[in-house]
Structures are given as structure tokens and as C-alpha cells.
Amino acid sequence: MTETVLTHDNKPSEGVVKGRSLLDTALLRLKRNRAAMVSLWVIIGMTLAAIIGPAVSTHSYDEVYNHFVGEKPSIGAYPKQEQITPITERALSRARVDMEDINISKDNVKISVVNRKQEPLDPRITRYLMRADIFQNVSLEILKADPQRGVISADIKPLRFLMGTDQNGRDLLTRILVSLRISLMVGALATGVALIIGVTYGAVSGFVGGNIDNLMMRFVDLLYSLPFVFFVILLVVFFGNNIFLIFIAVGCIQWLDMARIVRGQTLQLKQQEFVQASEALGVNQGNIIKRHIIPNLAGTVVVYMTLLIPRVILLESFLSFLGLGVQEPLTSLGVLIAEGARYMRNDPYLLIFPALTMSILLFALNFLGDGLRDALDPKDR
Amino acid sequence: MNTQTSVLNIQDLVVDFDTPDGVVHAVKGVSMAIAPGEIVAIVGESGSGKSQIAMSVLGILASNGKASGKILFNDQDILHLPRKELNSIRGSKISIIFQEPMTSLDPLYRVGEQIMEPLRAHKGLSRSEAKKRALELMRQVQIPDPERRFKSFPNEMSGGQRQRIMIALALANEPDILIADEPTTALDVTTQAEILKLLAELNKQLGMSIVFITHDLGIVEAFAERVYVMQSGEVKEFGSTNAIFKTPKTEYTKTLLDAEPEGAKEPVKKTQDIVLETEKMDVVYGHAPRFLQKDTRFHAVKDTSLRLHKGQTIGLVGESGSGKSTLGRALLRLTESTGKIVYLGNNIDKVPLKSLKPLREELQMVFQDPYGSLSPRMTVLNIVEEGLQTHKPQLSKVERQKLSLSTLEKVGLDPSVRNRFPHEFSGGQRQRIAIARAMVLQPKVVVLDEPTSALDRTVQKEVLELLRSLQSEFSLSYIFISHDLAVIKVMADYVMVMKNGKIIEEGVTQEIFERPRQNYTKSLITSSFNLKELLSEV
Amino acid sequence: MLNYAFKRILTIIPTLFAIITLTFFLMRIAPGGPFDEERPLAPAVLENIQASYGLNKPLIEQYFIYIGNLLQGDMGPSFVYRDKRVHEVLAEGLPISITLGGTALLLALIIGVFLGSIAALNQNKKTDVFIVTFATFGITTPNYVIAPILTLIFALTFSILPATGWGSPSQMVLPVVSLALPQIAIVTRLMRGSMLEALKSDHIRTARAYGLPITHVVGKHAMRSALLPVLSYLGPAAAALMTGSIVIEQIFNLPGIGRYFVTSALNRDYTMVMGTVIIVATLVLVFNLIVDLLYTVLDPRVRYD
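Residues numbered from 1 in each chain as written. Chains lettered and ligands numbered in written order. Predicted model: local features only at pLDDT ≥ 70, side-chain atom pairs only at ≥ 80, totals over all residues. Heavy atoms only, no water.

Trainee: Hey, could you run me through the interface of chain C and chain A in this one?
Mentor: Bring the parts together and some accessible area is lost; that lost area is often taken as the interface size. Listed as interface residues are 43 residues of chain C and, on the opposing side, 35 residues of chain A. Together, the buried faces of chain C and chain A total about 3400 Å²; carbon and sulfur atoms form 79% of this surface. In this structure, the connection of chain C to chain A is made through one salt bridge. Asp370 of chain A is the salt-bridge partner of Arg189 of chain C, the closest N and O atoms lying 2.9 Å from each other. (Contact = heavy atoms within 4.5 Å. Buried area = accessible area lost by both parts, 1.4 Å probe. Salt bridge = Lys/Arg side-chain N within 4 Å of Asp/Glu carboxyl O.)

Right, dumping it as C-alpha cells:
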């Protein structure tokens, strides 16, 4: 045998040919799937928004604007013209001064005030106006002729609530961004927990096989027949209400499916001739798992992971909906939706915006998962 | 050919598949004509497009396939018929049997029920009429005890019986044309002979045309009156079987005809060292009856003794399920067994599995499936050097690569392909990689488990050549496991015939093939080499 | 077959027993007790109450007493609903939960199988894209979003259906639909996948090659293969649905058993927690058994003994 067999494209051999791995092929296929690519960008966008958003936002997620409770979503700035006078009056009455006249221009107000007591005005009354959320650069000019009177000049601080405010007067957009952060964090961390436990458990069970496999799978069956809510409650009871606990609790529930899938795959792989070939070569079990089992499991695991993340997010929001999840003032999509449902009759936007955010996120994750599955498993197209 | 005299006339058929990686042209303008009552073979290697012609005729191309051209059945173009009209022809006037009788029948319904379906759909028979006819058909295809078998599910039958059921299904409405797409490829040789005989008989009795699609020239020669030779979607040559076999006109046909395995191996001298020896080996799967569990014991290998000399090739031959692969694996202690195994004078049957590592270097195995035996996520180089990493950790990375690449060259692969992945190679090339993986460790004994069974004949010939040259270069000893007697005959110098886990006959190759003693061996040999005589009895 | 069924029933008992034991001790290890209140009770009073419930005995003894009572069909007194036994409380709510869940399941099965098959038969066409989008929407929108939105539309805005309560058929519509929608979506997707797989199989090719009518090819051959994966999903799903949906019961104010899951654990109503766990576990095990038995009937390749 001296002839040299070339690869099928029959190119002459010039140096080393670069191979195209299954992963390269899969990525190429994924790039052609428009729904999956759009979803990928949506997810990237939402992740960035969740990370940067709350820091960039002019509001803090727990900042309460007493004057703007349950404001409707609007692109325009608050306070509206007609809101300024009442807010000012309230602030001034706390300062125990009366308003004689108010002159509102586009971004500035001039207020003539008079002290209720027969005393000169205290310059510190400006603080009361500062506290009213809507003013900045407040200055008081006391009339020299009559120190009991003065003119307050203040710039109006424009506040924008693009998605309105909730029943406590907090900016909904900021709260959604924060809850998106929580949801994604839960999604990533809980999936990670489920992944580690599930893959290890499943791979060991499948690879060792025999009676141990039997026993391990019986245990999984047993856990399947337990109501998980009970477990989460127990965990919450044990360790108090902690957000990391939710990650772990959710992860602990979701590993079961992963373990089953990985075990099935491992059993199948063990029957593959390339694994038997390695055994025949005398490769030890650790290396067989490392070189042959795990790389071939990777595809399945990645696909399952993208489908697990939305489920985990749903679970967390479900727990939060029941009041078992994250606690005030921190929030999550489930909490926001639960609140929204309560006030939907008058303020439907409180329900619509969080629900929409959740749907878009989960939609994108699902489409990406489907796309990945198709890309990695072309026979399923 | 005149359209008047042909029942099926295919004109300029083109079949394209739209795949994610571009359009694949499977059939590129094929024309053929089938006369009433004749047996025509379409022969070609895998990927030649021969099956797609059958699929186009019956309108069952995969959903991404598109056929154009003309397919005239009794002068009616059936390629572009609407489904309803096509349904009145397929299964009634034209029917088909497939390669995989297991998956081609619905596993969830009883076989009797499935035979009744085309009867009821096309002839509008009542249930009882259809059942009567179905039983009649089952008798016709020689199913024993048809009343009982009528109620069986496909998985309760053997491969041969399932194929008979498929044939009964195909004959149900007495078609004018029966297309047989590799109908015997998945069957054992003796079963293959029986099925071919049945088809020949039915052709005589019923006078239908048979289009026989196959890669096996032996069958073509014995069975068909005319042949179309196909290669990469085109008909290369056609004519009467005699003419094609005696005076092939094209190079391709010549290569195909030359691809029959040839040569012979001289027996080794008795004085040669014994490398591997086993005595009274038994392999039992499953467990004894336990609480609430049935006896699942299955005796895969029974009381087997074997002696392999240096440079020898023992051919282990038998039909599927005879235990030959299990024996091969047990010899290397890849499967638990009882009985003595001696390697180079040392007892290795009691050595704990963990201490076997040094032996693994010298005892190697090559598997049948060139698609399954290479890890899909490793490069060729990684696959070949895995054994070196395990057994020669003292080698530097560069040394290891050098050794691996020279082995790749030795098995006939360009070392420049080292970074490619298995799926980028053809079947024969993959098998070369698998051989390189075994050879890089310079083993003394190699168990070859059906190493060429999944390959086309022309490729098989090259791989057999390669195995031969490696054997003489390194004085290797082979255990060559195969169901294919033609391969065993040319590769082995000593043959052992296995049936139901037992060696029923053994001896020097020439002896066994010329003077078989056991009836089973005789029938194996007749079915493999004397198909023509067997079928001429019809 | 009977032999197998018998064997499976035998394995249910130890599993159930293990679950009961595990839950019992896990719950008791957890800090807190049923009589922790905002203002702690006087030690003497507390001791009195505990004694009346037998909580002062050693844990192991309590366990055996509980098992003993359970074997006689008594789940013990509820710590919260003080004048009732746990099984009485659950017996009141269970029929409601089962009716609700069962109807939703039936709806999910019929509509899901239908939509999934239609989608598969029109793979990558407009109908398919539409159904897949709908199904994805159903999966990604939890029922506590669907339920309020449906209420908003049908009860509050148009006043066609009542928003809460239980008893009349019209009161069933909104909860059943809210509960069923995500399930319909899941079954649709499952069915679409398995139907596609089935349509690609060799025996369907045979059926087509033999000119069988398309209704026959799909309705008889492909359908049966495709239903098998759906069936294995339905087992656990049935158990989950019939043990009551906490969310749906809360939103529509229904007297099912779902609410006890959360409240009983939060209140450390020990016996009630045990009762809910036993009911869920039993239903899961029984439904899995039914699914496995149906499998042996539907798929002759599966032989368990």
C-alpha cells in the first residue's frame, strides 16, 4: 500500500488541512437561523440592560416619590404643570409659610411666600422644597422691606417615569430592570447548580451502571414524587429568607431532569464503539469520561441548559408570586406581576410591562434553545 | 427501448436534495426501461443514487427531495400525479420492499393487520375477506403456522420472517412491478438465499417484473436478467447480465467486478509460537432467577477453545447472534468470561482488570462500524495518539505526533489530514483511522470484528490489502470475525464456524471450504458461493 | 402484564413509605412549631397544648403513632383548622382540585394533540409557524399572568364570566382555561416533535409507498407512535394538575387543596403537610403506574417482565 488516500475533496496536500469540527458546523447552522440569532441579540441586550440599567437610571429601585404614586407611563417629564402648585403648597405648609403667588415658567418657579408667624423668614425653609423631589437649586430672597416675605426661586427638576410608577411611587422601569437582573441571576445560578448536580449524578449513575445505577435512579424517582414547594419552604424556613437560598432551592429541584437526561446519554455513549475502543486501548475510566463521555454530552447539556433557564426563571417568579421569593424592597418579575395583577383594574400597565418583559425574555431563551438543538442535532430539522 | 414493450419507463430522471450544506444532486438524468415479467438489477455502491430512483417511482422521496423528468407506468406519467391518483397505483400496481424489515413495518401493529391494510385500501375487501387473503399470502411466502403468526408483532419475528411479511404485503394486490431495495442486505447469508429463492419463485408464478436494487454483484449474477450499473447518480452501463459480467465495457464496471476479495493465506507452521490461547471459555449474560425476576441468563459462548499462532489469521465465521463478537471481546477480556486465557504463556484470565493495562498495548481490536468507532469530537491525530498517551507517557508531544503521523501514512492516509474530524471522511478512510489507532501501539494480536462489513466492495478490497500488508510487515496475529465467507476465505488460514455460541467445525481454510463436514457449514458455503445453482433450481 | 402490574403496585408501597418517613423527620428537624405566635404563649399553656396533640412524646414514638393512625385512614388533627381532621379538610378540597385539573388536562390533551399534529403536517409552513409561536407564548407566559389578563378581559371589562367562586359551570371557565393554556402549549410542542419524528420513520414510508389514504397513514400509524412521548409527559402532569394549582386557586378564590401546600408549611401544620405530601406522592406514583401500564398496551416492544 503506497498510494495515499486523500480526503473527499481531493485537494492536493499542502501543509496541514484545518478540520471543521462539529461545533463549527453547529455554529454555522445557528447563524443561519434568524429567530435564534434575533433571540440571542435580545438576550444580550436584556442582560446588558439588567447589568447597566439600574446604575444608569436616574431613579433608584427603592426610591419612593410620595408625590407620584401610581403615575401612568409617559414620555413627558413630571411634574406636570398642574401638579406643581399643590406640591409646592404642601411643602410650604410644612415649612409653616404661606404662598401668596406662584409664577411657573418652563423650568423655573418663582414663589412669593409669607411667614405665618410675625417673624422674618428662616432661610432654611428652602430645605422643605428640596425634599419635595421636584425642585433643585432652590434659593430664597428675603425682601429687605419686609423680612416676613420673600421670593423663592427654584428650578424644576424634570423626572421621567417611562413606564409609570407603582403604588408606592417607585419608578417601574427601574424596578423592572432590577428584577430582570434578579431573574437572570437566578436563571444563571440555579441552572448552574442544577447543572453541576445533575451532570455529575447522571454521568456517575450511567457510567457505573448496574445496581448502583438502579439505586441512584430509584432515589431520583422518589424525589420526583415529592411536592417541591414543600422543599423550598423547608429550605426557606431553615436558613431564613435569602436570595441565594432561592437559587439553591430551585437548582436542587431542577437537577432531576438533567440527571435523567445525562444518565440516558451516558448509557448510550457507553455502548458506542468509540468508548469500547478506548477501553480496548487500556485508557482508564477517568480519561474515558474526560475525553469521550463529557465532550459528547456537552451538546445535550447546552441545549437542555438553554431550555432550563426559562423554567428556572418561571419557578423563581412563581415563588415570588406566592411571597416566598425575594423580599421587599428588592423585587423580581414574579413580585411585580403579582403586584400588577392586584392593581390591574385601574393601572393595567403595572401588569402589562413586567409581564411583557418576562414574555420577551422567555420567548428569546426558548427560541435560542430550539435553535441550538436544531443546530447540534441536524436530523431533527 | 420501445415504450410499448416496457411496463415502467424512466426518462431523464433527476433527483436533487436541498440540504443545509447546499443542493445535492443524487440522480443526474437517468433513463431505464423495465419489460413485463423481467428481473432487472440496479447495481451500484453506496451513494450512487440507486435507491432514490425507487423512492421517486413511488413518490416517497424525503421531504427535501425534488424529482423531475418522466416516470411512465404503462405510458402514464406517474411522477407528477396528484397524491390521490398515485395512491391508486402504489401498493396496488407497483409495490416495494425495503432493506430494513424491522423498521419498515409498524412496530405497534400486528403483522396480519398490516398485510390487510393495502388489501382493504385498494380492493375494498371486508375484514374477513382481507384476513382470508392475508393468511393465503402468508402461506405463499412460506411463513410457518400463519394463523398464529398473523397475531404476532414485528419485534417477535426474526429478520427473515419479517422480510417475508414485507413480501406478502408487497404481493397483496398482485402488482405488475415489485421494487426490492436491498432486501437481503440486513439478513444472514442462508436467509438471503431463501428470500432470493422465494422472490424467483414468485416471479415465475405471478409474472411480475422485479427491480432489484443491490450493491452485491454475486446476487446480480445469480438473480437478474438485465443490469443497470450506476455510479454517482448516473447509469454507467446497462445490458444483459451475461454481457455485463463477461464483457464489461466501462472502467467502472470492471473495477466493480474486480472488487471481489481475492488471494489466499498460507497456513502457518505448527511450530510457530502460540501467542493467544483459550480453553473451555464460557460467556454468560444476565442473571439467575431472583425474587420476582425471571431467569435472564443467556449463554453467548459455550465451552470454546482456541489457539492462535504467531502470524496466523483465525477466521471466526457465523451468522448474527452466533456469539462470534462476544468471543472476540472475551479473548481480550473486554467481556467477563470463565475459562483459561493464556497470552504468551501467561495466564491472564485471573489478572484483575486494573492490572491488564500493559496487555492492552499488545492486544488490540478494530470494530465494524467506522462511523461509531471514532469519537466524533476528536481530531484524527487525537484519536490515533490516545493509545500512546496511555501506554507511552514518557514520549514527548513531538515524538508522539511523529509516531502517530507515520502510522497514519502507513495505513494510507495523508498526514496533512491530522486536524480533521471523523465525519469529514468516507467509510473506508475512517476504517483506516481505526486501524491506525490500533497499529500505533505495535500490537501482537488484533481482533478484527467485521472490519470491512460496512464498506463498499471496492473499498473493502483496499482495506483487506492494507490488513494483509500490515500483518506480514509486523508478523501480526489476527482473529478475523466476519459473517462474509468470501472475506474469510481469502484472509484466514484457519477457520472456525460458530453457531449458537458453539464452535461446530474448525480446520485449515482450504479444508473447510472444499470439504465441509457439517450441514450448517455446507449451507453457509452454498448460500455464499453457489447462489446461481441454488436459484437455477427454481 | 397482570404480573407486571402486581409487581409495580408492590413497589409503590415502599416508595410511599420512604417518602412519608423522609418528610416526617425533615419537617420536624426544621425550627419553629405550630404554636409559634406573634406573642409567645406562656410556657405552661404551650406545654398543655403540645401534650394534647402528643407533641411532648419522643419523636420516634410520635412517628409510630402517626403511621399507626395513617394505616387506619386517620391523618390526625389539623393544628390550624382545629376542629377538623386533616383527611376531612383534604376530602373537601380534593374533588374541586380534581375536577379543575382533570378538565384542564383533558382540554390540553385534545387541543394539544390536534394542534401539534396540524403543525407537524405543515412543517415550516405558515400554519406551523403560527402554532409554534402560540405554543411558545403559552409556555413562556405563566398562568398567574394569563389568569389576571383573562379576568381583566372577560370578567372586568366585558362582564361575560364571573371572576371568582366555584360551583356553576360559568365559574369554571376562567380557571380551567388559565390552567389549561400552558399545558396545551406543552402538549402541542411535544406532539409536534414526536409527530415529525414519526412521520420520518421507515414504517410511515412503507404506509405511503403502499398507497394507504393519508388519513390512515397519519391517523393510525403516525398518531400512535407520536402519542407515546406525550403519554409519558401526561403521567406526572396529571398528578401535578389534580393536586391543585396554588396560583389558580388563589387568584380565583377556589376552595381546592392547592392552598394548603403553602399555608400548612408556613404555619408548621405538621399533619396537614404530611397529608398534602401523601396525596401528591400517591397521585404521582399511581399516574406513573397507569402510564407505564398503558405503554405496555400501546407498544408491544415494551415488555416489563
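Let's pick the thread back up.
Trainee: Can you help me understand helix 12 (residues 324-331) of chain B in this one?
Mentor: Because the α-helix completes a turn every 3.6 residues, residues three or four places apart line up on one side. Residue and element names in this part refer to chain B. Of all the eight residues making up helix 12, seven are buried; the element is thus mostly covered by neighbouring parts of the structure. Residues Lys324, Thr326, Leu327, Gly328, Arg329, Ala330 and Leu331 constitute the buried set of helix 12. Backbone geometry just downstream of helix 12 places Arg333 in the positive-phi region, at approximately 60°. (Buried < 20%, exposed > 50% of the residue type's maximum accessible area, 1.4 Å probe, protein only. Helix = DSSP H or I, 4+ residues; strand = E, 2+ residues; numbered from the N terminus.)

Trainee: Explanation requested: the packing of aromatic side chains in the structure shown.
Mentor: Tallied over the full model, the rule gives 12 aromatic pairs over all chains. Centroid distance Tyr63 of chain C to Phe64 of chain C: 5.3 Å. Interplanar angle 65°. Geometry classified as edge-to-face. Tyr63 of chain C gets classed as buried once you look at its relative accessible area, which sits at 6%. Through pairs of rings, three or more aromatic residues link up here, namely Phe24, Phe25, Tyr63, Phe64 and Tyr66 of chain C. Directly above the ring of Phe98 of chain B sits Arg205 of chain C, whose terminal nitrogen or CZ lies 3.9 Å from the centroid. Above the ring of Tyr109 of chain B, the side-chain terminus of Arg224 of chain C is found at 4.7 Å from the ring centroid. (Phe/Tyr/Trp six-rings, centres within 6.5 Å; stacked < 30°, edge-to-face > 60°. Lys NZ or Arg CZ within 6 Å of the ring centre and 35° of its normal.)

Trainee: Any chance you could explain helix 12 (residues 270-298) of chain C here in plain terms?
Mentor: Spanning 29 residues, helix 12 of chain C covers 42 Å between terminal C-alpha atoms, matching the ideal 42 Å at 1.5 Å per step. Most of helix 12 of chain C sits out of view: 21 of its 29 residues are buried. (Expected span 1.5 Å × (residues − 1).)

Trainee: Can you help me understand the side chain of Gln171 of chain C in this one?
Mentor: Residue and element names in this part refer to chain C. By the secondary structure assignment, Gln171 is in helix 7 (residues 169-199). Within the structure, the side chain of Gln171 is placed 3.4 Å from the backbone nitrogen of Trp166, a separation counted as a polar contact. Beyond its immediate chain neighbours, meaning those up to four positions away, Gln171 contacts Pro162, Thr164, Gly165 and Trp166. (Polar contact = N/O pair within 3.5 Å; in protein donor to acceptor, adjacent residues only side chain to side chain.)

Trainee: What is the right way to read the pairing of strand 1 (residues 97-104) of chain A from this model?
Mentor: Along any regular strand, the residues point their side chains to alternate faces of the sheet. All names here are of chain A. Sheet topology places strand 1 next to strand 2 (residues 108-115); seven bridges connect them, and they run antiparallel. Residue pairing across strands places Met99 opposite Val113, the latter belonging to strand 2. With antiparallel pairing between neighbouring strands as the criterion, strand 1 and strand 2 make up a hairpin whose turn holds three residues. (Pairing = 2+ DSSP bridges.)

Trainee: Got a minute to help me understand empty space enclosed by the protein in this structure?
Mentor: Sizing a probe to match a water molecule and rolling it over the atoms shows the empty space that remains. With the rule as written, the count across this model stands at nine cavities of 30 Å³ or more. Its boundaries defined by the atoms lining it, the largest cavity holds a volume of some 100 Å³. Of the residues in the lining of the largest cavity, the class split is five nonpolar, five polar and two charged. (1 Å grid on protein atoms, 1.4 Å probe; cavity = no way out; pocket = protein on both sides within 12 Å on 5 of 7 lines; lining within 4 Å. Points joined across faces, edges and corners; volume = space filled by probe spheres on them. Nonpolar A, V, L, I, M, F, W, Y, C, P; charged D, E, K, R; others polar.)

Trainee: Honestly, the domain arrangement of chain A in this entry has me stumped. Any pointers?
Mentor: On domain assignment, one finds that chain A holds domain 1 (39-57 + 166-380) and domain 2 (81-155). A C-alpha centroid distance of 55 Å is found between domain 1 of chain A and domain 2 of chain A. (Domains from an automatic or database assignment.)

Trainee: Help me out: how do you make sense of the packing of helix 10 (residues 285-321) of chain A against helix 11 (residues 333-342) of chain A in this one?
Mentor: Helices that pack against each other are described as a pair by the angle of their axes relative to one another and the distance between those axes. Residue and element names in this part refer to chain A. It is at 7 Å that the axes of helix 10 and helix 11 come closest, and there the two elements cross at 45°. Our classification of the angle between helix 10 and helix 11 gives oblique. For the crossing formed where helix 10 meets helix 11, the hand is right-handed. Seen from helix 10, the contacting residues are Ser317, Ser320 and Phe321; seen from helix 11, they are Gly334, Val335 and Ala338. In terms of residue class, the contact of helix 10 with helix 11 is made up of three nonpolar, three polar and no charged. (Axes fitted to C-alpha atoms, helices over the stretch in contact; angles between N-to-C directions. Parallel < 35°, antiparallel > 145°, perpendicular 65-115°, else oblique. Left-handed = near helix turned anticlockwise from the far one by under 90°.)

Trainee: Honestly, the layout of surface pockets in this entry has me stumped. Any pointers?
Mentor: Computed from the structure, the second largest pocket encloses a volume of approximately 1100 Å³. Class assignment of the residues belonging to the lining of the second largest pocket gives a composition of nine nonpolar, seven polar and nine charged.

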